[in-house]
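Listed below, chain by chain, are the residues.
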Amino acid sequence: MISIFSNTVTFAKLNQDLDFLKKFCLKFKDENTSRQMSNRGGYQSINIFYGIHPELNGLVEEINKHVEDYAINIMRLKEKPSVSNLWINVNKYKDYNKAHVHPNSIISGVYYVKVPKNSGSIVFENSSDPSKYLHPEDVIEFNEVNSSSWEIKPKEDELLLFPSWLKHEVMPHLNLKEDRISIAFNT
């Protein structure tokens, strides 16, 4: 048996200073305007490039270790990509991101700085869409092969890496009192 056309999402706990990163992200938000990309509501910063904000260098260096491992061991790439740009997301009640991909990059990811209760999951779409062929009542158990989508609940201090062409969306943040804060990036 072989698995063809698979997409792998990896997880890693980074053990970063979350209080420091929360303060940095919120200060950045207060000092810079939001852009409109896939986000519907919420704040999304402009692209931040490595070295411009030394406060993020430690985080980026840690992410790059995992990106290198993913590139070599999962994607089997010759070149070792590194984070080329990143941006800050701050979502309030009902803010979300519509389905999208990350063109002009190879590996994308998100690092979760603050994840209060009811933060909303990231949902990956299966480009083959088995739901066109399978009825839910015909399936014993949904898995990586027969699912049309795959939901991952975010956790604080967790890094997710995935192929940039893997379509995904972020479900609405449903916490009235606390913001969800994440840092997304491309290689």
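In this report, the structure presented in the accompanying data block is examined. These numbers were taken from a predicted model, which means no experiment stands behind them.

1. Some details on the layout of surface pockets
The computed volume of the largest pocket comes to approximately 850 Å³. What lines the largest pocket is a set of 24 residues, among which Phe5, Ser6, Asn7, Asn126 and Glu144 lie closest to the centre. Considering each element in turn, the lining of the largest pocket owes the most residues, three residues, to strand E8 (residues 149-152). Tallied by class, residues from the lining of the largest pocket come to 12 nonpolar, nine polar and three charged. By volume, the second largest pocket is sized at about 440 Å³. If you go around the second largest pocket, you meet 29 residues; those closest to its centre are Ser38, Gln44, Trp87, His100 and His102. Breaking the lining of the second largest pocket down by element, the ones donating at least two residues are strand E4 (85-91), strand E5 (96-100), strand E6 (107-114), strand E10 (168-170) and strand E11 (180-186). Tallying contributions element by element places E11 first for the lining of the second largest pocket, with five residues.

2. A short note on the sheet that holds E4
In space, the six strands of this open sheet follow the order E1-E9-E6-E11-E4-E3, with antiparallel pairing throughout. What marks the edges here is a single partner per strand, and that holds for strand E1 (10-13) and strand E3 (43-44). As defined by bridge partners, E6 adjoins strand E9 (residues 158-163) across five bridges and the pair is classed as antiparallel. Directly across from Ser108, in E9, lies its bridge partner Phe162. Each of E3, E4, E6 and E11 is contacted by helix H1 (residues 18-31), which is oriented at about 100 degrees to E6, the strand it contacts most.

Criteria and cut-off values
Residues numbered from 1 in each chain as written. Predicted model: local features only at pLDDT ≥ 70, side-chain atom pairs only at ≥ 80, totals over all residues. Heavy atoms only, no water. 1 Å grid on protein atoms, 1.4 Å probe; cavity = no way out; pocket = protein on both sides within 12 Å on 5 of 7 lines; lining within 4 Å. Points joined across faces, edges and corners; volume = space filled by probe spheres on them. Helix = DSSP H or I, 4+ residues; strand = E, 2+ residues; numbered from the N terminus. Nonpolar A, V, L, I, M, F, W, Y, C, P; charged D, E, K, R; others polar. Pairing = 2+ DSSP bridges. Contact = heavy atoms within 4.5 Å. Axes fitted to C-alpha atoms, helices over the stretch in contact; angles between N-to-C directions.

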